[in-house]
Amino acid sequence: MLIIGCGNRQRGDDGAGILVAERLRDLGISAETRSGEAADLIEAWRGADDVIVVDAVVTGAPVGTVQAWDPWQPLPSVRTSASTHGLGVAEAIELAQVLQCLPARLQVYGIEGRRFEPGVKISPEVQRAIEEVARRIVARLNASQQGKSDSFT
Amino acid sequence: MTVHGTRTIRVDTLARVEGEGSLYIKLVGERVADVKLKIYEPPRFFEAFLRGRHFSEVADITARICGICPIAYQMSAIHAIERALGVRIDPRVRLLRRLFYCGEWIESHTLHVYMLHAPDFLGYQDVIAMAADHRAVVEKALRLKKVGNRIVQLLGGREIHPISAAVGGFYKTPTKQQVRDLVADLEWALEASLETVRWTAGLKFPDFEQDYEFVALRHPDEYPFNEGRLVSNRGLDIDAAEYEDHFAELHVKHSNALHSVVRGRGSYLVGPLARFNLNFDKLPEVACQAALDVGLQPPVKNIFRSIVVRAVEIVFACAEALRVIREYDAPAVSRVEVPNRIGVGQAITEAPRGILYHRYALDENGLIVTAKIVPPTSQNQKRIEDDLREYAAQLVAWPLEEATWKCEQAVRSYDPCISCATHFLKLVVERTDAGI
């Protein structure tokens, strides 16, 4: 399974995806960090068949809310992350759909952020959400390794 | 057609961009009454954040200012500090830095040409819509961009926020074989970039030429990346250390960014057009010929044609990367040790979207006392406004929606760090009846 955390940790809550990846690495789980730029993401997951992407999102939900969706659900009308230049995770998924290069399994965790200015501290609610997403990914990996059917939580 | 009343072109802000921007143009009758391009995010936080840090941390911190051009920020920072400390680098390290920059230019220019700018010319809302009709083109763009990414990853040490570049060299340099492994990809990329020149040259461009002061680095022997005098087509010819004597940053009420001007003259243009016009004779034969074959030669004064010039610069970056790889031998020492000492150093390098100026003052412990960073987008900001003032005047008779689209396209021609915002902007239209 390929796990990708997106964002920029110098921009407050935008670091959420990166911090989830680092949390997983601390637990001995392999995870990549990326800016979240669409072309880069598509190339990162090209050839992988089971992918998890974590990014900060702005949907209007309470800060720290964790949302999970897969590309076969209608994409929410959100823009992910404050740090990517031009095109982000949502656009990467849409573009990959058009180009028919989506991974067979792809799940996106979005962590609702509030503060994206350079240098601001990460919100406490986002910090808690980072732990939650890391736990959910670990649980999914464990379930997968035990041969149980995965469920999008 | 006579146009009455007041009309406002307003493009509001959206989050998730490297810098947040908005555009406001007020048309009164056939007159352009006001143009305000707002950029909210100068790197002032980073300048403050750097104070008190050791110079060895600067490359890592400045790499995080921009997700698209971290190499540019690293290179300007490292060269400025090396000048402050009197460091001389190994010629093979210098070659590697050119290769590093080639990777960033390929990545950044490909992203802009195909994924951000081309949809404007082809009439699509974005690259996703464009991909449905031009799948092979977008696939080629992804592959081309990945070649740049491979170079950056090899030399930078990881996928984002590269960490290997350092004052004095690199923490780790690649082996000869590792760089040679890039050759097949780069040979393909060179061909793909030549196709890109031809493809972009076939687009339709608005008839819009301006009398710019072009400002770029110029080096006696090569198309510029990291070194050279700063020159212009109006007689400027200075060292980086003289930059602040010749350029001023003005505060403007409507934007947190500072407007850069040439002292005594006003706005100026940095980026691909400036580099191309001032350094055409330094392009390698393959890039020079590619430009001439599509009828592109200096002076190019139409900012919309910057998409073709970017394509020519991708050709240059691929050819230069192949040249460097042919000449490369791993340096015996990847990085010279650099002792702490007091000093002040300035450097200018050519980021994909134009010159990037850094100045650092260091104390006896090698700690940053002051840092100053002038990014290319803030240098072009006044020039963008000046262009829009002229361009909007040509558009007063157009339906507002089309006029707004064309103004956004004009802004994107500069590849500003806000170009992302202008692809997703929500438009607010304000109309006032005639006679007001």
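Predicted model, so just to flag it, every value in this text is computed and none were measured.

Quick notes on the overall build of chain A
Move 1: Scanning chain A from terminus to terminus reveals 4 helices and 6 strands.
Move 2: Taken from the N to the C terminus, the helices and strands of chain A come in the order β-α-β-α-β-β-β-α-β-α.
Move 3: Looking at chain A residue by residue over its 153 residues, the buried ones come to 50%.
Move 4: Sequence-distant contacts in chain A: of pairs separated by 6 or more residues, those separated by 24 or more amount to 74%.

Remarks on the packing of helix α11 (residues 285–293) of chain B against helix α12 (residues 306–327) of chain B
All names here are of chain B.
Move 1: Two elements in contact, α11 and α12, have axes separated by 8 Å at closest approach and are oriented at 160°. Comparing their axes, α12 and α11 come out roughly antiparallel. Between α11 and α12 lies a crossing whose hand is right-handed. Residue-level inspection shows V286, A287, A290 and A291 of α11 in contact with α12, the latter providing V312, V315, F316 and A319.

As for the sheet that holds strand β7 (residues 229–232) of chain B
Residue and element names in this part refer to chain B.
Move 1: Reading across the sheet, the 3 strands line up as β6-β7-β8 and stay open at both edges, with antiparallel pairing between neighbours. If you trace the sheet from one side to the other, it starts and ends with β6 (215–218) and β8 (237–238), each paired once.
Move 2: Summarising the sheet, β7 and β8 pair through 2 bridges and their orientation is antiparallel. Across the sheet, the residue bridging to L230 is I238, located in β8.

Structural notes on the packing of helix α2 (residues 38–45) of chain A against helix α3 (residues 89–99) of chain A
In helix packing, the relevant descriptors are the interaxial angle and the interaxial distance, both defined with respect to the helix axes.
All names here are of chain A.
Move 1: Between α2 and α3, the least distance of the axes is 8 Å, while the angle of their chain directions is 60°. Regarding the angle of α2 to α3, the classification is oblique. The handedness of the crossing between α2 and α3 comes out as right-handed. Between α2 and α3, the contacting residues are A38, L41 and I42 on the first element and V89, E91, A92, L95 and A96 on the second.
Move 2: Taken together, the residues that form the contact of α2 with α3 break down as 7 nonpolar, no polar and 1 charged.

A word on the sheet that holds strand β13 (residues 368–374) of chain B
All names here are of chain B.
Move 1: The antiparallel open sheet is built from 3 strands, whose spatial order is β11-β12-β13. The open sheet has two free edges, formed respectively by β11 (343–351) and β13, since each of these has just one partner strand. Across the sheet, the axes of successive neighbouring strands diverge by a mean angle of 15°, strand direction being ignored.
Move 2: Where β11 meets strand β12 (residues 354–362), 9 bridges bridge the pair, whose relative direction is antiparallel.

As for the environment of D281(B)
Move 1: Positionally, D281(B) belongs in the loop between α10 (272–279) and α11.
Move 2: Taking the C-alpha atoms as reference points, D281(B) and D221(B), separated by 60 residues in sequence, lie 9.6 Å from one another.

So, helix α6 (residues 135–156) of chain B
Move 1: Here α6(B) spans 31 Å end to end across 22 residues, near enough to the 32 Å set by a 1.5 Å rise per residue.
Move 2: Positive backbone phi, at 95°, marks G157(B), one or two positions downstream of α6(B).

Focus on the environment of R88(B)
Move 1: Looking at the element boundaries, R88(B) is found in the loop between α3 (70–85) and α4 (91–122).
Move 2: Put simply, R88(B) and G169(B) are 81 residues apart on the chain and 9.6 Å apart in space, counted from C-alpha to C-alpha.

Observations concerning the nonpolar core
Move 1: By size, the foremost hydrophobic cluster in this structure holds 166 residues, and its most contacted members are I111(A), V133(A), I81(B), V312(B), V315(B) and C318(B).
Move 2: Residue contributions to this core peak at 14 residues, all from α12(B).
Move 3: Residue-level mapping places this core at the junction of two domains, with at least three residues from each of domain 1 (6–42 + 393–431) and domain 2 (44–374) of chain B.
Move 4: In this structure C318(B) touches I106(B), L186(B), A189(B), L190(B) and S193(B), once residues within four positions along its chain are discounted.

Rules used in this analysis
Residues numbered from 1 in each chain as written. Chains lettered and ligands numbered in written order. Predicted model: local features only at pLDDT ≥ 70, side-chain atom pairs only at ≥ 80, totals over all residues. Helix = DSSP H or I, 4+ residues; strand = E, 2+ residues; numbered from the N terminus. Buried ≥ 20, exposed ≤ 12 C-beta atoms within 10 Å, placed from the backbone. Contact = placed C-beta atoms within 7 Å. Axes fitted to C-alpha atoms, helices over the stretch in contact; angles between N-to-C directions. Parallel < 35°, antiparallel > 145°, perpendicular 65-115°, else oblique. Left-handed = near helix turned anticlockwise from the far one by under 90°. Pairing = 2+ DSSP bridges. Nonpolar A, V, L, I, M, F, W, Y, C, P; charged D, E, K, R; others polar. Expected span 1.5 Å × (residues − 1). Core = buried A, V, L, I, M, F, W, Y, C linked by C-beta atoms within 7 Å. Domains from an automatic or database assignment.

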